[in-house]
Amino acid sequence: MEKATQYELQLARRMSRLGTETAFEVLNKARALERQGKSVIHLEIGEPDFDTPSNVVESGIDALRKGWTHYGPSAGLPELRQAIAEYVSRTRRVKVTSDEVVVVPGGKPIIFFTILSLIDEGDEVIYPNPGFPIYESMIHYVGGKAVPIQLHEDRDFSLDVNSLISLINGHTKLIILNSPQNPTGGVLPRRDIERIANAIGDRNIMVLSDEIYSRLLFDGEQHFSIMSVPGMQERTILLDGFSKTYAMTGWRMGYGVMRPDLAAQMTRLMTNSNSCTASFTQVAGVEALKGDQGSVDHMRDEFQRRRDMFVAGLNKIKGFSCRMPKGAFYAFPNITRTGWKSKPLADALLEQAGVAALSGTSFGEYGEGYLRFSVANSVENLQKALDRIDEWTKKNL
Ligand SMILES: Cc1ncc(COP(=O)(O)O)c(C=O)c1O
């Protein structure tokens, strides 16, 4: 209960334009049901269920003991910026120097800072829909015009480049890409990325390329970044981080790679907001990038195994049909043949079947007709969730 007060809360107008990430709301609702004694399988939240690799944990503990408990430079520790520059140079086949790297607390601040530093009122931003809800939220927050580009199931959730071309105009300031994608698990094929770069041509449009799932690609696929397309590096802000790759969501560490003049501006935003990313976290980040990568491969293989069994199971359930996601750790089944809308179906599955999933509409208007399940859970729990959904559909459809 909120306390009664004689002082009305007078929020700034811009706060009414800020959106949210429904995953946290559904998690709260699921926890409330659990407190009432209900059993819930959590497939709503997007984080690896693995522990942070032990070499990284040890490095963080060691850093704490050695006194890495003070402020550091706003753009990040030089050792970590250098390690990231080398990593991105190697994986994206471009030349990146450490003054092009800004370390921030998670991948999210790069979305926040990119939009805050580049978008004025009325500027247009093209972004994927269904897509990570924070893009649209932040575009609205700063008074920009949010221009959704629809992702199509029949293209394995890639976009139609001709539609993208039709959305670009003189007001377009930023295009957001996300591959592998949340919520669909779609991966933009290299030829589509090259065609997008071609469509941008020599226009002065920036691209925010959200590659937070770049190491979670299945079936031996190779990641490809628009930053690697000749001529695009200067106009690309690459977002990547540690949350998904190294199961470090709670450590809060991510980074952006961008031209140095923009990196300097994002560093000013860091100075004004966070001062810096936690110092011991960054020491552990160097170990994550430079140490043994076996746990990353293990996690990816495990997600692939779970994806295979979960998607096969979904496709046996009445009214559900699910494409095989090529990356990330989500399944995004089409549920239109259930005759239900996404939100009521997600609510019913949570309340009546004890399975927490997200409505596709949590990711924008084009998410209607879909649900998002995270497969970052044990095979046993995933099987239990499939059984519960199957039973529910048999009773209710
Ligand atoms: C597409 C996408 N970008 C960015 C993020 C943010 O990641 P972080 O937890 O590192 O801020 C997420 C997290 O769910 C995501 O799905």
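So, how was this worked out
Residues numbered from 1 in each chain as written. Predicted model: local features only at pLDDT ≥ 70, side-chain atom pairs only at ≥ 80, totals over all residues. Heavy atoms only, no water. Pairing = 2+ DSSP bridges. Helix = DSSP H or I, 4+ residues; strand = E, 2+ residues; numbered from the N terminus. Contact = heavy atoms within 4.5 Å. Axes fitted to C-alpha atoms, helices over the stretch in contact; angles between N-to-C directions. Near = heavy atom within 4 Å. Polar contact = N/O pair within 3.5 Å; in protein donor to acceptor, adjacent residues only side chain to side chain. Areas by Shrake-Rupley, 256 points an atom, 1.4 Å probe, with all protein chains shown as cover. 1 Å grid on protein atoms, 1.4 Å probe; cavity = no way out; pocket = protein on both sides within 12 Å on 5 of 7 lines; lining within 4 Å. Sits in = over half its atoms within 2 Å of the grid points. Nonpolar A, V, L, I, M, F, W, Y, C, P; charged D, E, K, R; others polar.

## Some thoughts on the sheet that holds strand β2 (residues 101-104)
Then step 1. The strand order across the open sheet formed by eight strands is β2-β9-β8-β7-β6-β3-β4-β5, and the pairing between neighbours is mixed. Only two strands of the sheet have a single partner each, and these edge strands are β2 and β5 (158-159).
Then step 2. Taken together, the three bridges between strand β3 (residues 124-129) and strand β6 (residues 172-178) define a ladder with parallel strand orientation. Its bridge partner being in β6, Glu 124 is matched across the sheet by Thr 172.
Then step 3. Here helix α8 (residues 260-273) sits on the sheet in contact with β2, β7 (206-210) and β8 (236-241), set at roughly 20 degrees to β2.

## Details of the site of the ligand
Then step 1. Inspection of the region around the ligand gives 13 residues, with Gly 107, Asp 210, Tyr 213, Ser 243 and Lys 244 positioned closest.
Then step 2. Contact between the ligand and Gly 107: an oxygen atom at 2.7 Å from a main-chain N or O atom of the residue.
Then step 3. Protein burial of the ligand: of its 400 Å² of free accessible surface, 94% is covered by the chains.
Then step 4. Because more than half of its atoms lie within 2 Å of the grid, the ligand is assigned to the largest pocket.
Then step 5. Per-class residue counts for the shell around the ligand are four nonpolar, five polar and four charged.

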